[in-house]
Amino acid sequence: MRRFLLLYATQQGQAKAIAEEICEQAVVHGFSADLHCISESDKYDLKTETAPLVVVVSTTGTGDPPDTARKFVKEIQNQTLPVDFFAHLRYGLLGLGDSEYTYFCNGGKIIDKRLQELGARHFYDTGHADDCVGLELVVEPWIAGLWPALRKHFRSSRGQEEIRGALPVASPASLRTDLVKSELLHIESQVELLRFDDSGGKDSEVLKQNAVNSNQSNVLIEDFKSSLTRSEPPLSQASLNIPALPPEYLQVYLQESLGQEESQASVTSADPIFQVPISKAVQLTTNDAIKTTLLVELDISNTDFSYQPGDAFSVICPNSDSEVQSLLQRLQLEDKREHCVLLKIKADTKKKGAALPQHIPAGCSLQFIFTWCLEIRAIPKKAFLRALVDYTSDSAEKRRLQELCSKQGAADYSRFVRDACACLLDLLLTFPSCQPPLSLLLEHLPKLQPRPYSCASSSLFHPGKLHFVFNIVEFLSTATTEVLRKGVCTGWLALLVASVLQPNIHSSHEDSGKALAPKISISPRTTNSFHLPDDPSIPIIMVGPGTGIAPFIGFLQHREKLQEQHPDGNFGAMWLFFGCRHKDRDYLFRKELRHFLKHGILTHLKVSFSRDAPVGEEEAPAKYVQDNIQLHGQQVARILLQENGHIYVCGDAKNMAKDVHDALVEIISKEVGVEKLEAMKTLATLKEEKRYLQDIWS
């Protein structure tokens, strides 16, 4: 078999799952993939690798490679490496990202660019998959086009299993030419996919017949409208290209529990975990505000957890009790909820390199695993839907699941599964004849990820304490009937602090609720650069509407203490652009901001209220933070371009961060008198210099 090296760099498991899919498909197409995490540098060596390389890379934070790729990136960024270091290497790269963020697919782009600079050449075009619209829209055709690209590569290598020294060492000059003339292969539109039908036959006649049968019965129900359960022509009558069945690999045994205690400490984590009590909780918004915002104070005085303003940390949270209960009921496992789950790899599995899921701790109860370890709210991937097909007995339901995971049903999958935030429970309630075994769910449900939050305090100002701020997330799931759901973590935290919650009038800083101090588990997040400048004389601009203000409260508290300690110090200006809906409902930290302004810590405070109407004949005020930034464009440009200032943006990635970026482009273009492209280059330079920093989320 023709071998290629397959590396993945993953943060939350997406890149790994895609790499495993490539690995499984490779066998069908006559290839053998040597699969490794990019961090396992002892298992591969790119310096001597003669086979083609395929890399799948996700992006984390605001454009960083995943933690698993940090060491690899550091090594290849070594500026002493010669330009022909990887001249022998031929590769294809698939980057994963989210276009709601400024640095789209930047993890992959960083590696791609550096491999090119070191002489490596593409045998296949780079793909950039967008989680904002659905990774599968790029991932599926990219994988389909990989096989003809590999075949072409091996043919051009005279049919050898691997290229062994056939390539002459290129000179730097020829390398530069090669970069321009690199032999890139475009994705072939006619892709090779396995055909699937109910009988396992060679064509799709059975599927066509099923479609006709289900159409006839569905037309009687109502005037044919597509939904999660039903399709309409042409999809309902189409032959379907179904993905290959993912090989099963887990054997599950349920054993009666011996009554051992379980705690959050059983949750697996690469980072140290600290159990800390909640010492205070305050509602920052009025009861009639559109969103409810809470401030929570954690007591970290008895731990060695440390942080600085601008840092973030993770909260380890459980799934909703009621959702876990509903799922176990639907799976007919409610009476076994206390049973211990024991896992083994199936002896006859066809899954290459099958391993036990690291996020499922050994010997824990079924209830614990579904509560603390599995992301039961995850939107099921097409491979999961494909696996569910084989455990669905009703022919109409089976056909619909086939459609949703098929190439032809991509639009329906996006509309009724992805965009509707459908989860496994939604699917199981929608398709009652689907009876998957527990093993299948443990194979396909991803790890329940800790949720990140920005530190909203300074340890100088609040020794032994850590503050964070969040909106209680609420959204409508429209997968079946409309259901109002709360965010996994924020919904849990809101319940947890309900008994100690103080009203929105900011009370004294005395601890409350000492008799009942619920504990939560937190872990530090890898250091970032979203910190105050080392030189306090540098002016800074902070942009943080809504809960995006959180890290800036920490900045201001920190600066207040520094100014107390150094009364004769030289401190730069601090600008804050804050925005909310209503002045009287959700103006967060209003009292504190007035204090900072009064004492000269905050030199300029610009606030916009998006839903408040102008009073009387008053000129319409700035509606959003970006409008206020435009109004003060001259000062903003001066700070950034003449005074070596820093700008920090925190909050929503989808709209605000992009709008602020566009406003900055316009300001620089206008104030400097240059084209927008030149202004964008200026901003890119500020980012490289770590003077334009973002802490944004979708």
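Everything here concerns the structure above.
Everything numeric here is computed off the predicted structure, so don't read it as measured data.

**Some thoughts on the overall build of the chain**
Inference 1: Check the secondary structure of the chain and you find 20 helices and 22 strands.
Inference 2: Going through the 698 residues of the chain one by one, you find that 51% of them count as buried.
Inference 3: Restricting the contact set of the chain to residue pairs at least 6 apart, pairs at least 24 apart contribute 79%.
Inference 4: Roughly 32200 Å² of accessible area belongs to the chain as shown, and the carbon and sulfur atoms make up 51% of that amount.

**What to know about helix H20 (residues 676-688)**
Inference 1: The first and last C-alpha atoms of H20 sit 18 Å apart over 13 residues, in line with the 18 Å expected at 1.5 Å per residue.
Inference 2: Within H20, burial applies to Ala679, Leu683, Leu686 and Lys687. Burial along H20 is one-sided: seen end-on, the buried residues are contained in an arc of 100°. Turned more than 90 degrees from where H20 packs its buried face, Leu677 and Glu688 sit exposed.
Inference 3: Where H20 is buried, its residues touch helix H18 (633-641), helix H19 (653-672) and strand E22 (692-697).
Inference 4: Lys690, located one to two residues past H20, shows a positive phi value of around 60°.

**A word on the nonpolar core**
Inference 1: Core analysis: the largest hydrophobic core is formed by 81 residues, its most contacted members being Leu298, Phe313, Phe370, Phe468, Ile520 and Ile522.
Inference 2: If we skip the residues at most four places from it in the chain, Phe313 touches Leu298, Phe305, Arg451, Pro452, Tyr453, Ser454, Cys455, Leu466, Phe468, Ile522, Ser523 and Arg525.
Inference 3: Formed by 31 residues, the second largest nonpolar core is a distinct cluster that contains Met542, Ile549, Phe596 and Leu605.

**A few points about the pattern of salt bridges**
Between side chains of opposite charge, pairing is possible as soon as their charged atoms come close.
Inference 1: For the structure shown, the criterion picks out 25 salt bridges.
Inference 2: Where Lys382 meets Glu140, a salt bridge forms, and the shortest distance between an N and an O atom there is 3.4 Å. Here the residue Lys382 occupies a position in helix H9 (residues 382-389), and Glu140 occupies one in helix H4 (residues 136-156), the gap between them amounting to 242 residues.
Inference 3: The class for Glu140 is partly exposed, based on a relative accessible area of 33%.
Inference 4: For Asp288, the salt bridge goes to Arg585, with nearest N and O atoms at 3.7 Å. On the criterion of sequence distance, the pair formed by Asp288 in the loop between strand E8 (274-283) and strand E9 (293-299) and Arg585 in the loop between strand E19 (574-580) and helix H16 (590-598) is long-range, its members being 297 residues apart.
Inference 5: Relative accessible area serves as the criterion here: at 29%, Arg585 is assigned to the partly exposed category.

About the criteria used
- Residues numbered from 1 in each chain as written.
- Predicted model: local features only at pLDDT ≥ 70, side-chain atom pairs only at ≥ 80, totals over all residues.
- Heavy atoms only, no water.
- Helix = DSSP H or I, 4+ residues; strand = E, 2+ residues; numbered from the N terminus.
- Buried < 20%, exposed > 50% of the residue type's maximum accessible area, 1.4 Å probe, protein only.
- Contact = heavy atoms within 4.5 Å.
- Areas by Shrake-Rupley, 256 points an atom, 1.4 Å probe, with all protein chains shown as cover.
- Expected span 1.5 Å × (residues − 1).
- Arc of directions from axis to C-beta.
- Core = buried A, V, L, I, M, F, W, Y, C linked by side-chain atoms within 4.5 Å.
- Salt bridge = Lys/Arg side-chain N within 4 Å of Asp/Glu carboxyl O.

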